[in-house]
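Here are the chains, one letter per residue:
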Amino acid sequence: MKAADVKFDLESKRLSVEKPKARFDKQGDMSDAERVQKAMANFSKDFGTTAAAYLDACIHCGMCAEACHYYVATGDPKYTPVWKLEPFKQAYKRESGPLAPLYRLLGLKKEVTAEQLEEWQHLLYDSCTVCGRCSLICPVGIDIATLVSMARHGMYKAGLVPHELHAVAERAEVDGSPLGITPKLFEQRLEWMEDEHEVDINVDQEKVDVLAVMSSIEIQKYPDAMAATAKILNAAGESWTFRTDGFEATNFGLLSGNLELQKKNSMRIIETAIKVGAKLVLLPECGHAYMALRWMGANIYGKPLPFKVQHISEYLADSLNSGKLKVRKVDKSVTFHDPCQVSRRGGATQAPRDVMKHLGVDFREMQNGGDYNWCCGGGGGVVTIHRADELRYKVFKLKMDQVEATEADALLSSCANCRQSFDDAQNHYNWKYTAESLLELVAENLEDEA
Amino acid sequence: MDLLDFARGPALQVAIYVFIAGSLWRILGVLLLQRKPDHSEARQSGGFRGALKVIWSRSFTAPAFAKQTKYPKILGYILHIGLFITVFFFVPHIVFIKGLFGIGWPGLPNNAIYFVGVVTVAVGIALLIRRMTHPVLRLISNFDDYFSWLVTMLPLITGLIMPIRFGVRYETLLAIHILSVALLLIWLPFSKLAHTYFVFISRGTTGALLERRGART
């Protein structure tokens, strides 16, 4: 399957490739033995102190199941988070750990097989959004989500990424953007938004303080977010720009486990930011983009980044708190869906709450909301995978209950991927709530907006 | 040399050596692996403070998970506290430790220790039943889980039957008790029982990594 053959379904509520008639869930021309060998070799590249400390500490208490939306929604024990790591764990115990010779000698851990890896593709990709809720319940403090991301590296090298996720990532490799957005198309859509919203949008300026980037989900599906970002940065009096040579914030390298692509994607933004002399890279409403650049970017760059990185909600909170931006009061009750990678995993949980305080909305926190929020079910690349749809809808019921219990008028979020997962499930269930953008709500209510 | 001399002498000595060497091997085997520096700009201080915070805080369940984990958590607490009390507050144990290291402390009355011991074994059995019947635990459990359970329970059980004797010589029972402790010491570094120390390394790692992000720990 070539990237050029990938057809997108842009009419769908969620963006992915068209539902494949024939699935290609194995990539590359490798024998089973080669796949196993590749997986093992690349699993072991991740066995540093962090992974080893975690894998050696697990006491098989099974509590992580109780935090996982897949287990809670289905009751199927195979969705126990630590079970999703079984081949990764086997590789560690048998091949790399300090007791590996003993494990091999006594046969305490079986060898990983190709069939097993294929089976685990479903567990490591279709049924894990890397939301990290399980990491919070583990009594020995294992950050299970980190281990799942590591295990995906080996799966990618073994050519065992689900069809759609691989296709989207391939497209990102070729086009620089996963949903077929070329620099030219990006520019056209910016021009369209400029006319539609009568807002000045800065593009390709040479030297600026703020480099704004976008998620291709927004560019394709929620283009108003581009206008909203421009309105806000204009109102705050920033020197800023979008750049056609570095606009894509999503990172399908991170989601699929393709480390080279992850690096390439991050470096494109980093190099663009350095080129324009940016002091701040402003990330859009996208969860994994925040994880990829805010917390992993510098480590990919190999040294501290010469600029700050903020999620748009953090920027809004800072600007509203400092008085740089002012907003009109909004008279409605709202609840907020925290994107896992921004809040629970990223530490920016307070920012949207500050923003909502300035908006004066009647904010209704979900029960076990904030950092203990149920995931939208579409993170980690899951929303792209067609065969995972039924399971995703099932899991989404937990989220529906959590939202409905607040009886809020509106549901806000600050992640385009969460929003499209909500849109798709809303369509499936004919649900009354639409996940709206916090950024757009602020932009619509800027005080100096005539 | 009779059985008791063997148990108290070479058996226990070898067990202690294996325990120390095995533990060092296992801990260093983890700590000496590659550790990548984190260049991201910290939101707040993490590092050592974060590690200590999570080592402490993860002993308690977050309210969001309290209901689902109540039963195993309560049993887990009783098991660990029970083991601690029976090992370190039984007067003959304290006398034995004083003989080895020269330091002692006040113990608890024997009847109190027997009571705690019985409760701990009962809880151990409840946890074993849970492991054998709960679908999640059945799926993820392996030989290590069951053998470690046995090796942990044996010193408790052999200790508890000593006052009853069943017509067996006291010295023989004591020798069996000591041998069961030797087995525990030998098995610990090579099994899940090594969570005795890995719990601190694992929680500390998470604390150091996530606290600096200001993420939930």
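Being a predicted model, the structure only gives us computed values, none of them experimental.

Participant: Before we go on, may I ask you to explain the overall build of chain A in this structure?
Facilitator: Helix and strand counts for chain A come out as 21 helices and 10 strands. Here the C-alpha atoms of chain A give a radius of gyration of 22 Å, agreeing with the 22 Å that 2.2 N^0.38 yields for 450 residues. The C-alpha extent of chain A, read off along each of the three principal axes, is 75 × 45 × 45 Å. Looking at the 450 residues of chain A, the share that counts as buried comes to 61%. The long-range share in chain A, meaning contacts at least 24 apart out of those at least 6 apart in sequence, stands at 81%.

Participant: Looking at this structure, how should I read the overall build of chain B?
Facilitator: In terms of regular secondary structure, chain B is built from 9 helices and 0 strands. Secondary structure elements of chain B occur, N-terminal to C-terminal, as α-α-α-α-α-α-α-α-α. Counting over 217 residues, chain B shows a buried share of 29%. In chain B, once contacts between residues fewer than 6 apart in sequence are set aside, the share between residues at least 24 apart is 76%.

Participant: Explain unusual backbone geometry to me, please; I cannot follow it from the model alone.
Facilitator: The general pattern is negative phi for most residues beyond glycine and trans for most peptide bonds. Residue and element names in this part refer to chain A. Unlike most non-glycine residues, E407 shows phi in positive territory, near 50°. Tracing the sequence through the fold places E407 in the loop between helix 19 (389-404) and strand 9 (410-413). Even without a glycine there, the phi angle at N430 is positive, about 55°. The exposed category is assigned to N430, around which 6 C-beta atoms lie within 10 Å.

Participant: Is there a simple way to think about the environment of P189 of chain B in this case?
Facilitator: Residues and elements named next belong to chain B. Looking at the secondary structure, you find P189 in the loop between helix 8 (170-187) and helix 9 (195-211). Taking the C-alpha atoms as reference points, P189 and I20, 169 residues apart in sequence, are found 8.3 Å from one another. Beyond its immediate stretch of four places on either side in the chain, P189 contacts F19, G22, S23, R26 and A194.

Participant: Explain the packing of helix 5 (residues 110-133) of chain B against helix 7 (residues 143-160) of chain B here, please?
Facilitator: Each pair of packed helices gets described by two things: the angle between the helix axes and the distance between those axes. All names here are of chain B. Relative orientation of the contacting elements helix 5 and helix 7 amounts to 160°, with a least axis distance of 10 Å. Classed by the angle they form, the pair helix 5 and helix 7 counts as roughly antiparallel. Crossing angle aside, the handedness with which helix 5 passes helix 7 is left-handed. Residues Y114, G117, V118, T120, V121, G124, L128 and R131 of helix 5 lie in contact with helix 7, whose contacting residues are D145, W149, M153, L156, I157, G159 and L160.

Participant: It is not clear to me how the nonpolar core should be interpreted in this structure. Could you clarify?
Facilitator: General note: in soluble globular proteins, nonpolar side chains tend to be found buried as a group. Counting residues in each nonpolar core, the largest one holds 182 residues, and the members touching the most others are C64, L211, V281, L283 and V442 of chain A. Among all residues touching L211 of chain A, those that are not within four sequence positions of it are T241, R243, T272, A273, V276, A278, V281 and L282 of chain A. One finds V54, A208, L209 and L210 of chain B within the second-largest nonpolar core, a separate group that totals 6 residues.

Participant: Help me understand the interface of chain A and chain B, please; the structure alone is not making it clear to me.
Facilitator: When the parts of a complex come together, some accessible area is lost, and that lost area is often used as the size of the interface. Between chain A and chain B, the contact holds 48 residues from the first and 47 residues from the second. Counting residues per element, the side of chain A that touches chain B draws most heavily on helix 2 (residues 49-57) of chain A, at 7 residues. Class assignment of the residues belonging to the side of chain A that touches chain B gives a composition of 26 nonpolar, 12 polar and 10 charged.

Participant: Please clarify how the domain arrangement of chain A should be interpreted in this entry.
Facilitator: All names here are of chain A. Domain parsing of chain A yields domain 1 (26-160), domain 2 (175-318) and domain 3 (324-444). Between the C-alpha centres of domain 1 and domain 2 the distance comes to 33 Å. Among the residues forming the side of domain 1 that touches domain 2, the class breakdown is 2 nonpolar, 1 polar and 1 charged.

Participant: I tried to follow the confidence of the model for chain B on my own but got confused; where do I start?
Facilitator: Reading predicted coordinates in detail is not appropriate for stretches of low pLDDT. Residues with a pLDDT of 70 or more make up 100% of chain B, whose mean pLDDT is 95. The ipTM assigned to the predicted complex is 0.95, against a pTM of 0.95.

Participant: Teacher, can you tell me more about the pairing of strand 7 (residues 333-337) of chain A here?
Facilitator: In summary, the side chains of a regular strand alternate between the two faces of the sheet. All names here are of chain A. By the criterion of burial, strand 7 is predominantly enclosed, with 4 of the 5 residues buried. Across 2 bridges, the pairing between strand 7 and strand 8 (residues 362-363) is parallel. By the bridge assignment, V334 is partnered in strand 8 with F363. Crossover connection from strand 7 via helix 18 (residues 350-359) to parallel strand 8: handedness right-handed. Where strand 7 lies against strand 9, 4 bridges are found, and the strand directions are parallel. Looking at the pairing, V334 lines up with A410 of strand 9.

Participant: Can you help me understand the pairing of strand 5 (residues 280-283) of chain A in this one?
Facilitator: Residue and element names in this part refer to chain A. Relative to strand 5, strand 3 (residues 210-212) is paired through 3 bridges, and the arrangement is parallel. Bridge pairing links A212 to L282 in strand 5. As defined by bridge partners, strand 5 adjoins strand 6 (residues 308-311) across 4 bridges and the pair is classed as parallel. Looking at the pairing, V281 lines up with V309 of strand 6.

Participant: Which parts of the structure should I look at to understand the sheet that holds strand 9 of chain A?
Facilitator: Working definition: the strands of a sheet are paired by backbone hydrogen bonds and lie parallel or antiparallel to each other. Pairing in this open sheet of 4 strands is parallel, and the strands run 8-7-9-10 (chain A) from one edge to the other. Each end of this open sheet is capped by a strand with a single partner; those strands are strand 8 and strand 10 (435-437) of chain A.

Participant: Hey, could you run me through the sheet that holds strand 5 of chain A in this one?
Facilitator: Residues and elements named next belong to chain A. The strand order across the open sheet formed by 4 strands is 4-3-5-6, and the pairing between neighbours is parallel. Edge positions in the open sheet fall to strand 4 (240-241) and strand 6, since each of these has one partner strand only. In the packing of helix 15 (residues 287-295) onto the sheet, the strands contacted are strand 5 and strand 6, and the crossing angle to strand 5 comes to about 160°.

Participant: How should the environment of A273 of chain A be read in this particular structure?
Facilitator: All names here are of chain A. Looking at the secondary structure, you find A273 in helix 14 (residues 259-275). In this structure A273 comes out as buried when scored by C-beta crowding, with 25 C-beta atoms within 10 Å. C-alpha separation for the pair A273 and D204, spaced 69 residues apart in sequence, amounts to 11 Å. For A273, the contacting residues outside a window of four places in its chain are L211, A278, V281 and F307.

About the thresholds
- Residue numbers here run from 1 along each chain, matching the order of that chain's written sequence.
- By the order in which they are written, chains take letters starting at A while ligands take numbers starting at 1.
- The model is predicted, so local features are restricted to residues of pLDDT at least 70 and side-chain atom pairs to those at 80 or more, both for listing and for counting; the totals for chains, interfaces and linings are taken over all residues.
- Labels follow the DSSP assignment, with helices taken as runs of H or I lasting at least four residues and strands as runs of E lasting at least two, numbered in each case from the N terminus.
- To get the radius of gyration, use the C-alpha atoms; to get the globule rule, take the number of residues to the power 0.38 and multiply by 2.2 Å.
- Field definition: a residue is buried when 20 or more other C-beta atoms are found within 10 Å of its C-beta, exposed when 12 or fewer are, and partly exposed for counts in between, with C-beta atoms placed from the backbone.
- Residues are defined as contacting one another if the C-beta atoms placed from their backbone atoms lie within 7 Å.
- Helix axes are fitted to C-alpha atoms over the stretch in contact, other axes to C-alpha atoms as well, and angles between N-to-C directions run from 0 to 180 degrees.
- Working rule for angles: under 35 degrees goes down as roughly parallel, over 145 as roughly antiparallel, 65 to 115 as roughly perpendicular, anything else as oblique.
- The sense of a crossing depends on the near helix, which, turned anticlockwise from the far helix by less than a right angle, makes the crossing left-handed and, turned clockwise, makes it right-handed.
- Joined through C-beta atoms within 7 Å, a set of buried Ala, Val, Leu, Ile, Met, Phe, Trp, Tyr and Cys residues constitutes a nonpolar core.
- Residue classes follow a fixed rule: Ala, Val, Leu, Ile, Met, Phe, Trp, Tyr, Cys and Pro count as nonpolar, while Asp, Glu, Lys and Arg count as charged, and any other residue, Gly among them, counts as polar.
- For the domains described, the bounds stem from an automatic or database domain assignment.
- Per-residue confidence from the prediction method is given by pLDDT, with values spanning 0 to 100.
- The criterion for strand pairing is that DSSP finds at least two bridges linking the strands in question.
- Note on handedness: a clockwise path from strand one over the helix to strand two, with the strands aimed away from the viewer, defines a right-handed crossover.

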